[in-house]
Structure formats: structure tokens, C-alpha cells
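The chain contents come next:
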Amino acid sequence: MVTLKVNGQDHAYDGDTTVPLLWVIRDELGLTGTKFGCGKGLCGSCTVHLDGVAVRSCQMAVSEAGGKAIVTIEGLDPDGNHPVQRAWRETSAPQCGYCHAGQIMQAAALLAATPKPSDSDILTAMAGNICRCGCYQRIAEAVRLASTGV
Amino acid sequence: MTHMFETIAIPPGGVANVSRRFVMRGIVGSGALVIGASVLPRPAMSAWSTGAGKMPGGTINDPHVYVAIDPSGLVTIITNRSEMGTGVRTSLPMIVADEMEADWSRVRVAQAPGDEKKYGNQDTDGSRSVRHWVEPMRQCGAAMRAMLEQAAATRWGVAVADVRAENHKVIHLGSGNMLGYGELAKAASALPTPPADSLKLKDPRTFRYIGTGSIPIVDLHDITTGKATYGIDAKIPGMKFAVIARPPVVGGKLVSFDATEALKVPGVERVVEVRAWPWPSKFMPVGGVAVIARNTGCAINGRDKLKVVWDNGPNASYDSVAFRRQMEQTAANACKVVRNDGDAEGALKSAAKVVTAQYYVPHLAHASMEPPTAVVHVFQGKAGTQCVAYAPTQSPGGCRDDLAKVLDIPVENVTVNVTLLGGGFGRKSKWDYVLEAALLSKATAAPIKVVWTREDDILHDFYHTVSVERIDAGVDANGKVIAWRHRSVAPTIKSTFQAGADYEAPFELGMGLVDNPFNIPNLRCENGRCEAHTRIGWFRSVSNIPHAFAVQSMVGEIAAALGRDPKDVLLELLGPDRIVDPRKSPDVADYWNYGDPFETYPIETGRLRRVTEIAAEQAGWGKPLQKGEGLGIAVHRSFLTYVATVAHVAVDDNGTLHIPRVDTAIDCGFHVNPERIRSQIEGAAVMGLSLAKHGKITFKDGRAEQSNFDGFGVARIDDAPLDVRVHIVPADWDVPSSGVGEPGLPPFAPALCNAIFAATGKRIRSLPIADQLKA
Ligand code: FES
Ligand code: FES
């Protein structure tokens, strides 16, 4: 049994705690904004914040996340108005949209740590997040925009 | 039983409350009215004829099917096509809204479930959505507008000529009286659909939304907040989670399995065999063993503990290295002639110079970020066995038909709700994963969500074909290309439908081989025999990828051999503005023009020339560049659209490739949503880079050697082109709309490799580039 603190709410999980946090967030808690893309830490679709740091929830056993503050895309901002989210809409960044929860969580963590990132900071921070539709041009633009104020 | 999405059938001819209708919850306001009544006769007042009528279900343009207005004035417009990133779920309803003079801020979009009888063809594939549906959707909106005007005129007791619909209300021109669409909803929707030939389409100059690019996609907010629902997110209460162990080699089968250890894994509830269909079987499941658990993580752990014995079957010797050699041998000799203008063999013999090159493009995996997945519930309802599916499918109609067959129930008992697709690229035109979920739901009497892990996706894809293309070009003493012989060798997609199919089908030959537009008197195309040993499927832009890579690279090779500017050589090969009609060329059988009439969509070299010139001019072709930099150009017509790309590359001393800029010109005829055209072309550059630089699936012992993004590389933000400039050729309504989703892809790889040659002198003939640029 672990208690997961997700978006400020406690959830009890009574199943196997060796499984990746990703599947418990999605399948047990029903918070499906966090996406599955590779299961191997290669794509960033599953990115959430753990005590404020971007982590790949597919690479973390539920047991490791117990008691820590987990924030998913659903909890990033109550109204979806985090500057990164606004910048994403301003640039119409998504195509299919599937990778964008992970992209946004990654970008939000970058800006929390580095409010004025250089272009190369942006590329380095975002290089772990794959977008198969190829929205990178707009993602880079959106992160820049979010950092300069939307 | 409550589903996350609810679907209520509208009784034909009756008024129905549609507040809970259609897929996305909360999308339709309460009290909306819609009636099912007469369907317009089709085809109706075509501006241009398309092949839409030949698609299953054809087109429907009746507002009684597509539009609902509730008394508050909220307009709901149904979209029948699947959203996988092209923006079509926004673009088609936008056409209806514009024609019916609806205010977009008061429009909601709802997704049609699979029902091609009702909604017309729903197969979102082949870059067909706008080209086949722009006109029916305009007619649908115009009919709705006419009904609203008629209802207002009747209410006021005035002639319909004296009223005008404008921005969500109808105005009486004499008095200035106004009635909102909500007030007219009931009366308007009770009217029969006006006859098609009475409809007046809007003057394009008065469009509010079409062509402006000002409307963001309808799901934008939900995507940024994690609320958008993809197939993998669909929920049915009580559902269980399944992953499946599938035969590792295509054509293999399950011999036996031992689930003892798997069943001991915490959270695992059942282990069930999945029925298999023998290869080739179109899109039927390949069978295997499913592990069903309380969550996907537990199911994956359980699958790891399965002990399975497979019989790998005859494809177990499939080996990409040996297969390539075999294809190259085939291409070295005469093959089946599929086009034969003049005497290419003779002209090659008499040519002053012959340029020969062979190109290789490996298998590719679709690797949509959302893997194949579906949630299905098969249960006993009042009308017998029912099946409700939520699926990210490009083809809900075909999927529904096969669900009915597999479950042996009437098609009316099957509902396929279409979620958003986390990418498709052709993979989700095949519905095997939905059938798997249905079989498991039936076997377990529970709703089942099947998730393909990334390994499942890459190891069991319907791969892009693998190909060897050999071109011999003969040049005379004046430097004019007088002979061209192009041999194409590649396993065919037909092999997924028909055992033993070993030549490219007309639809593959028509994608950049026999439709060669060059002005060369002796032009011969050949196709070599090639057997498939894995499942081959459509991948975004299909055979255009290898064909265009070869043809457009060859143009660069000829230019280099002649010491001439590649753009000049390209324009010279395109020749004078004219129509090229492959049907008139000897030995071309069943020429395939993307399923559309050649008369509407001929091959126009003037349009190829124009996009080439625009891309070159915008890119500053001929401008001075730094050492290690180069520009490369390519042009290609596919999906009836003309696209030219100029890539600007910089290769540093370590052989690292940078792409500072890309200019792409696209001529897709009359277009609806230029902003989404731009995003499709930006994306095509990235996917083009992925396949040019990283992408390959190779087989050893019948199995794919790559299984995740570590082995199957795709472009990332730090190597992607981030300055893609898109130049859309303006077009009026008299230029038929053509494809957008796919045609951006084919010219990218050859433009890139031509640029690399310009920058480094190194000619890439075998994809992916991988480390070929490293010293
Ligand atoms: S799903 Fe976690 S990094 Fe890809
Ligand atoms: S928008 Fe489709 S994967 Fe990124």
C-alpha cells in the first residue's frame, strides 16, 4: 500500500508497487493526461513533476514516489493558464497533441529552474521529448514565448 | 452500463434530443435539435468531379445528418473524419460553419461514430479529406443556411429573397428585423433539405473562416490541459488492461504456452489465448497470448513471465542484408516493363554519357506516439450481443464491419466511437488492435483496454516497404537527357491482402514511378519481382518516398555529372508547361491517379515548375554560402498536390548535420486552413529528416532488430529543422483541392541529400544517413 500525493490530493494504491508510476496514475487514478510513449525513458511523453523536478513516470516505481508531491498536466494550473500552456496555445503548437502533455511538463520544469533559458538551454532540455508529428519548431517558439511572457 | 461516451441513434425522420449524442462528452449542449430526413441526391452540383463517390459510403451533404442547432443558438457540427494531427476535425466543420453563416464561437464539433451509410466515407487516409469533402461540406452549410432563411421568411410572412442569413442570425432586409439561429432552430430543422441545384454557395470573397488560418484547432485547450481524449485514455467502468505476446515472426503461430508464473504476478487476473488469422489476412489479429490485469503495468510484468513456444514459419529466414543483395540483383537485370516511351534501351546505348545510380530505402515503422490501443466492451444487450468500441482509428467504418464479422453479430450492434488519434501515419488505418480488444472482451465478459507497448508497435508493425531503385540516365553530346530507365524493386502492400503478391500494384507504381513528369523522349519504367516476408502497409506518402528519393536524387547526380546547376537541370527536365498523361504511354496498365479522375487532376508540369521556382527563389537559390553549407532542391507531385523543397544544410568537420532552414512551396489547389497546411509541412520536414537520417527497421531471423526509440531513431528537437518556411500557392475555387497530409514528405529526403552533396560532395544513396557523414 502506498499513498500517492497527486495534484495536492492523496490517493491510496493497494497493488504491486514495483510497477511504473505512469500506469498507476493513468489506469488506477484515471489521470490520463500523462501519456505512454515508450516505457523506456526515451520519449518524455510520461513526464510529470516530482517535488518540482521533471521525471519520466515510466521509469519510476510507484514505491519511489510515495509521499512525494506529484504534479501531472491536470494539476499544472487549475485553469490551464500556466504561461507554458498559454504559449502553447498562442503558437498553435500541437498537431495530434499526444506528446504535448509531456512537452509542457518538461518545459514548465525548465522555466521553473531557468526562467530565461538560451536557445541551446531549450534544445538541451527538450531533446528528451519526442514529437513524431514534428512540432519542434513551434515547441521551441512556445518555450521562448513562455520565457519572455505571454 | 455507463460509458464515458454515449451514443444514441437518431431515429430516421424523427426529432431527437441529441444532448448526449456523439463521442466527446460535454461537446453538445442540452436540448439540441436535429432531424433525420431526406438525404440530398448526389452527386450534387459538382464544381469538379472527384473519386469520392467510389469510396465506400460516398459523400453525404445533408445538414440533417451533420448539423444540429439548439434553442440557445449553439450549433453542433459533426465531423466524420478522424483527427490524427492534420486539423481535419476543425477544418471540415469550419467549412460548414462558414457556408451556413454560423459564428464559430458558438459552434461545437462532435465526432461521428463509424457509420458510412449515414456519414459517408470515413476512411481518413490518402490525403483525401478536404479534397473529397470540401464541396459536400460547403453544400451542407449552404443548405442549412437556406433552411434558416426559409424558416425566418415563413415566420415573418415575407419572401425568402428579402431575408439574408448573416453571422448566426437571419435579417429581414426591408425592416432590419432579426431572428437568431437558436430561435429558428426548430422550424428550420423541420424543413426538408432543399434540392441541391437550388443552393447558392457563398462568394469566396465573403468567407469568414475558410482560407484565413485564423481558427485554432478545436481541441487546442484540452490538449494543453491533458483533457483531450485519445484512444489510450478511453474508459469503460470495470475495464481490465491487457497486453499481448504475439508471434515474433509474421506467419508464425502459437504452439503452446505456460501461464503458471505469469498468473502469480501481482495484479494479473487472467491469461487468454488470442485467436489468430493466417498470414496474409489483411488487418486480422496475428494471435498470441494475452495477459489481463488490473493495470497495464501489472499486465506487462505478467507477460514477461509467460513461457511461450512459437512456430516461426517460413519467414523465419527473412534477413535484411541478404534481401537487399537479392533486390539489387533483381534491379541489375531487366524487369517487368510498366511504362515505355520511345526506346530507352537504344538511347542508353547511343548516349554520350550514362549516369547510373542505385538507391536504397529500408523498412520504416510508423511509431505514432500513441501506440495502437483500443477499449472494447462486448456484452449482452436487449438486441443480442452488442459491441461498443472506443478506438483511435483512421477507418471506423471498415473497423466496424470487421468487428461485426469477427464477433458474428449484425453490424448495427457494433458502435465504433472515434477518439482522437495520437498520430496515425497510416498505421491506424489497420484495425487489428481493435479486433484484439473485442476478442478479449468477449472471452472475459469484461470491457478490455488493449495497449501495445512501443516494442509491440515496432516489432509487429505493418511496415513501410523496403526498396531498391536503380536509375540509368543517358545524356547526349549536348548535355541533354535523352534516356531514362528506372527500375523499382520493393515488396508490395498487396502482399498483406493476397498471398504471393510480388509486384508493385498500380497504386504503388502511380506514386512517383510511372507518373514521371520529365520531358525525356525515351523513358522506361520497370518493376522487379519481390516477395514480402513481413507485413507491408501504408506509411505516410507510401511509395512516393523511395520513388521520389531516387528520381530527385538522380536529377542532382545528372547535374553533377554535367557540372550544371541542379535547379536548372530540374527545370529543364520538367520541360515546357504541359499535361503529362501516363495513360497514353505504352505499357502503363491501370494508371492510378490517387483514385481521382485525371480530367480533374491531370499532371501539370507548369505547377511543378512554379513550386520549384517559388521554393528556389524564397530560399535564395544561388546565394553565397559558408564552407560546409549547401542548398538542395527536389520537387514531387503526390496526392495530386505539387510540392518543392529547398533544404539548407551545414555539415561541420565532425560530420554533424545541421539544417538551418527549409523552404517548401506547396500547390494544393483551393485550400481551407492554411495555418494547418503550414503545420503539416513543418511536420513533414521533421518526419522527412527522421527517415532520411535515422529511420530503419532491419530483419534478422525473421524478426525486426529494432524495438524502441533507441534502435528506431526519430528526429528530436536538437537535430530537427526549426526554421521551415511554407509558401502556399494561392488558388481560387476553380482549382480543385488536393492532398496536404502526405505530399510534404516525399521531396524532403532528396532535397536534404542534394544539399548534403552541395555542402560536402558526398552523395547519399542509401538511407538512413546515420553516420555516413562522419569522416
Ligand atoms: S513513456 Fe516514459 S519516457 Fe517514454
Ligand atoms: S503532436 Fe503528435 S506526437 Fe507530438
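Quick caveat, the model's predicted, so the values are computed rather than measured.

Enquirer: How should the overall build of chain A be read in this particular structure?
Expert: In terms of regular secondary structure, chain A is built from 6 helices and 5 strands. Reading the secondary structure of chain A in the N-to-C direction produces β-β-α-β-β-α-β-α-α-α-α. At 15 Å, chain A has a C-alpha radius of gyration in line with the 15 Å of a compact globule built from 150 residues. Along the first, second and third principal axes, the C-alpha set of chain A runs to 45 × 25 × 25 Å. Counting across all 150 residues of chain A, residues that qualify as buried make up 63%. A total accessible area of about 5000 Å² is found for chain A, and carbon and sulfur atoms account for 49% of it. Distance between charge centroids for chain A: 8 Å, based on 12 positive and 14 negative side chains.

Enquirer: Explain the overall build of chain B to me, please; I cannot follow it from the model alone.
Expert: A count of helices and strands for chain B gives 19 helices and 30 strands. For 775 residues, the compact-globule estimate of 2.2 N^0.38 gives 28 Å, and chain B sits close to it at 27 Å. Its C-alpha atoms put chain B at 80 × 75 × 45 Å along the principal axes. Expressed as a percentage of its 775 residues, the buried residues of chain B come to 66%. Counting contacts in chain B only where the partners sit at least 6 residues apart, residues at least 24 apart contribute 77% of the total. Here chain B contributes 84 positive and 83 negative side-chain charges, whose respective centroids are spaced 3 Å apart.

Enquirer: How should the side chain of serine 82 of chain B be read in this particular structure?
Expert: Tracing the backbone shows serine 82 of chain B in the loop between strand E4 (75-79) and helix H2 (88-99). Not counting chain neighbours up to four residues away, the residues in contact with serine 82 of chain B comprise Val88, Gln111, Thr124, Thr393, Gln394, Pro396, Val418 and Leu421 of chain B.

Enquirer: Would you take a moment to explain unusual backbone geometry for this structure?
Expert: Trans is the common state for peptide bonds, and a negative phi is the common state for residues other than glycine. Residues and elements named next belong to chain B. Here tryptophan 279 and proline 280 are connected by a cis peptide whose omega angle stands at -10 degrees. If you trace the backbone, proline 280 turns up in the loop between strand E11 (268-274) and strand E12 (288-293). Despite not being glycine, phenylalanine 639 has its phi angle at roughly 50 degrees, a positive value. Along the chain, the position of phenylalanine 639 falls in the loop between strand E25 (629-638) and strand E26 (641-651).

Enquirer: Just checking my understanding: could you explain the interface of chain A and chain B for this structure?
Expert: The parts lose accessible area when they come together, and the size of an interface is often stated as this lost area. On the side of chain B, 66 residues touch chain A, which itself brings 52 residues to the contact. Note on chain A versus chain B: buried area summed over both sides is about 4700 Å², and carbon and sulfur give 57% of it. It is Arg132, Tyr136 and Gln137 of chain A that lose the most area in chain A upon contact with chain B, and together they represent 19% of the buried surface on that side. Taken together, the links from chain A to chain B amount to 7 salt bridges.

Enquirer: I keep staring at the domain arrangement of chain A and nothing clicks. Help me out?
Expert: Residue and element names in this part refer to chain A. The domain boundaries assigned to chain A delineate domain 1 (2-72) and domain 2 (83-146). Here the C-alpha centre of domain 2 lies 21 Å away from the C-alpha centre of domain 1. With 14 residues of domain 1 in contact, the opposing surface of domain 2 contributes 10 residues. Surface buried jointly by domain 1 and domain 2 totals about 1000 Å² across both partners, of which 55% is contributed by carbon and sulfur atoms. Sorting the residues of domain 1 by area buried against domain 2 places Lys35, Cys43 and His49 first, and these three jointly supply 35% of that buried surface.

Enquirer: Would you take a moment to explain the packing of helix H6 (residues 136-148) of chain A against helix H18 (residues 674-694) of chain B for this structure?
Expert: In helix packing, the relevant descriptors are the interaxial angle and the interaxial distance, both defined with respect to the helix axes. Viewed as axis vectors pointing N to C, H6 of chain A and H18 of chain B meet at an angle of 110 degrees, and their least axial separation amounts to 8 Å. Judged by the inter-axis angle, H6 of chain A sits roughly perpendicular to H18 of chain B. Here Tyr136, Gln137 and Arg138 of chain A of H6 of chain A lie close against H18 of chain B, whose contacting residues are Glu675, Arg676, Arg678, Ser679, Glu682 and Val686 of chain B. The class makeup of the residues in the contact of H6 of chain A with H18 of chain B is 2 nonpolar, 2 polar and 5 charged.

Enquirer: It is not clear to me how the sheet that holds strand E2 (residues 9-13) of chain A should be interpreted in this structure. Could you clarify?
Expert: By definition, the strands of a sheet pair up through backbone hydrogen bonds, in either a parallel or an antiparallel sense. Residues and elements named next belong to chain A. Overall, mixed pairing links the 5 strands, which are arranged E2-E1-E5-E3-E4 in an open sheet. Because the sheet does not close on itself, it has two edges, and the strands there are E2 and strand E4 (53-56). Taking the axes of each pair of neighbouring strands and ignoring which way they run, one obtains an average angle of 40 degrees across the sheet. Of the strand pairs in this sheet, strand E3 (residues 47-50) and strand E5 (residues 69-71) are connected by 2 bridges, and their pairing is antiparallel. Bridge pairing links histidine 49 to valine 71 in E5. Against the sheet, helix H4 (residues 100-113) touches E3, E4 and E5, its axis set at about 35 degrees to E3.

Enquirer: For this particular structure, what's the right way to read the sheet that holds E26 of chain B?
Expert: Residues and elements named next belong to chain B. Within the open sheet, the 4 strands sit side by side as E25-E26-E27-E30. Their pairing is mixed. Either end of the sheet is taken by a strand with one partner, and the two such strands are E25 and strand E30 (724-728). Strand-to-strand twist in this sheet, taken as the mean axis angle between neighbours without regard to direction, amounts to 15 degrees. Bridge count between E25 and E26: 10 bridges; the pairing is antiparallel. Paired with isoleucine 633 across the bridge in E26 is valine 646. Most of the contacts of H18 go to E30, to which it runs at about 130 degrees, and overall it touches strand E27 (657-667) and E30.

Enquirer: Would you explain the environment of tyrosine 390 of chain B in this entry?
Expert: By secondary structure assignment, the location of tyrosine 390 of chain B is in strand E17 (residues 384-391). Judged by relative accessible area, which is 0%, tyrosine 390 of chain B ranks as buried.

Enquirer: Teacher, can you tell me more about the pairing of E3 of chain A here?
Expert: Consecutive side chains along a regular strand alternate between the two faces of the sheet. All names here are of chain A. On E3, burial covers both faces: Thr47 and His49 on one face and Val48 and Leu50 on the other are all buried. Relative to E4, E3 runs antiparallel, the two being bridged by 4 bridges. Residue pairing in the sheet places leucine 50 in a bridge with valine 53 of E4. Two successive antiparallel strands, E3 and E4, enclose a turn made up of 2 residues, where aspartate 51 displays a positive phi of approximately 45 degrees.

Enquirer: Help me out: how do you make sense of the packing of helix H4 (residues 129-156) of chain B against helix H5 (residues 181-189) of chain B in this one?
Expert: Residues and elements named next belong to chain B. Contact geometry for H4 and H5: axes closest at 8 Å, N-to-C directions at 95 degrees. With respect to H5, the element H4 is oriented roughly perpendicular. Residue-level inspection shows Met144, Met147, Leu148, Ala151, Ala152 and Arg155 of H4 in contact with H5, the latter providing Tyr181, Glu183, Leu184, Ala187, Ala188 and Ser189. In the contact of H4 with H5, the residues fall into 9 nonpolar, 1 polar and 2 charged.

Enquirer: Can you help me understand the pattern of salt bridges in this one?
Expert: Pairing between side chains of opposite charge can happen when the charged atoms of each approach one another. A full pass over the atoms with the stated rule returns 59 salt bridges over all chains. Here aspartate 14 of chain A makes a salt bridge to arginine 294 of chain B, at a shortest N to O gap of 2.8 Å. With aspartate 14 of chain A in the loop between E2 and helix H1 (21-28) and arginine 294 of chain B in the loop between E12 and helix H8 (296-304), the pair connects residues from two separate chains. On the basis of relative accessible area, aspartate 14 of chain A is assigned to the exposed category, the value being 54%.

Enquirer: Looking at this structure, I do not really get H18 of chain B. What am I missing?
Expert: Each turn of an α-helix holds 3.6 residues, which means side chains three or four residues apart point in the same direction. Over its 21 residues, H18 of chain B runs 30 Å from end to end, which matches the ideal 30 Å to within 8%, given 1.5 Å per residue. Counting buried residues along H18 of chain B, 19 of its 21 residues qualify, which places the element largely inside the surrounding structure.

Enquirer: Looking at this structure, I do not really get the packing of aromatic side chains. What am I missing?
Expert: Here a ring pair, both rings aromatic, is described through the centre-centre distance and the interplanar angle of the planes. Residue and element names in this part refer to chain B. Considering all chains together, one arrives at 22 aromatic pairs over all chains under this definition. Pairing phenylalanine 283 with tryptophan 431 gives two aromatic rings, centres 4.8 Å apart and planes at 90 degrees, and the pair type is edge-to-face. With phenylalanine 283 in the loop between E11 and E12 and tryptophan 431 in the loop between strand E18 (414-418) and helix H12 (432-444), this pair connects stretches of sequence that are 148 residues apart. Like phenylalanine 283, the residue tryptophan 431 is buried in the burial classification. When the ring of tryptophan 484 is compared with that of phenylalanine 518, the centres are 5.3 Å apart and the planes differ by 85 degrees; the resulting orientation is edge-to-face.

Enquirer: Would you mind showing me how to read the pairing of strand E21 (residues 481-489) of chain B here?
Expert: All names here are of chain B. Taking burial as the measure, the 9 residues of E21 include 9 buried ones, the bulk of the element. Where strand E20 (residues 467-475) lies against E21, 8 bridges are found, and the strand directions are antiparallel. Bridge pairing in E21 places valine 468 opposite valine 489. Hairpin connection from E20 to E21: 5 residues lie between these consecutive antiparallel strands, with glycine 479 at a positive phi of about 80 degrees. Judged from the 7 bridges that link them, E21 and strand E22 (residues 522-528) form a sheet pairing that is parallel. Bridge pairing links tryptophan 484 to leucine 523 in E22.

What counts and what doesn't
Residues numbered from 1 in each chain as written. Chains lettered and ligands numbered in written order. Predicted model: local features only at pLDDT ≥ 70, side-chain atom pairs only at ≥ 80, totals over all residues. Heavy atoms only, no water. Helix = DSSP H or I, 4+ residues; strand = E, 2+ residues; numbered from the N terminus. Rg over C-alpha atoms; globule rule 2.2 N^0.38 Å. Buried < 20%, exposed > 50% of the residue type's maximum accessible area, 1.4 Å probe, protein only. Areas by Shrake-Rupley, 256 points an atom, 1.4 Å probe, with all protein chains shown as cover. Lys, Arg positive; Asp, Glu negative; His and termini not counted. Charge placed at Lys NZ, Arg CZ, Asp CG, Glu CD. Contact = heavy atoms within 4.5 Å. Buried area = accessible area lost by both parts, 1.4 Å probe. Salt bridge = Lys/Arg side-chain N within 4 Å of Asp/Glu carboxyl O. Domains from an automatic or database assignment. Axes fitted to C-alpha atoms, helices over the stretch in contact; angles between N-to-C directions. Parallel < 35°, antiparallel > 145°, perpendicular 65-115°, else oblique. Nonpolar A, V, L, I, M, F, W, Y, C, P; charged D, E, K, R; others polar. Pairing = 2+ DSSP bridges. Expected span 1.5 Å × (residues − 1). Phe/Tyr/Trp six-rings, centres within 6.5 Å; stacked < 30°, edge-to-face > 60°.

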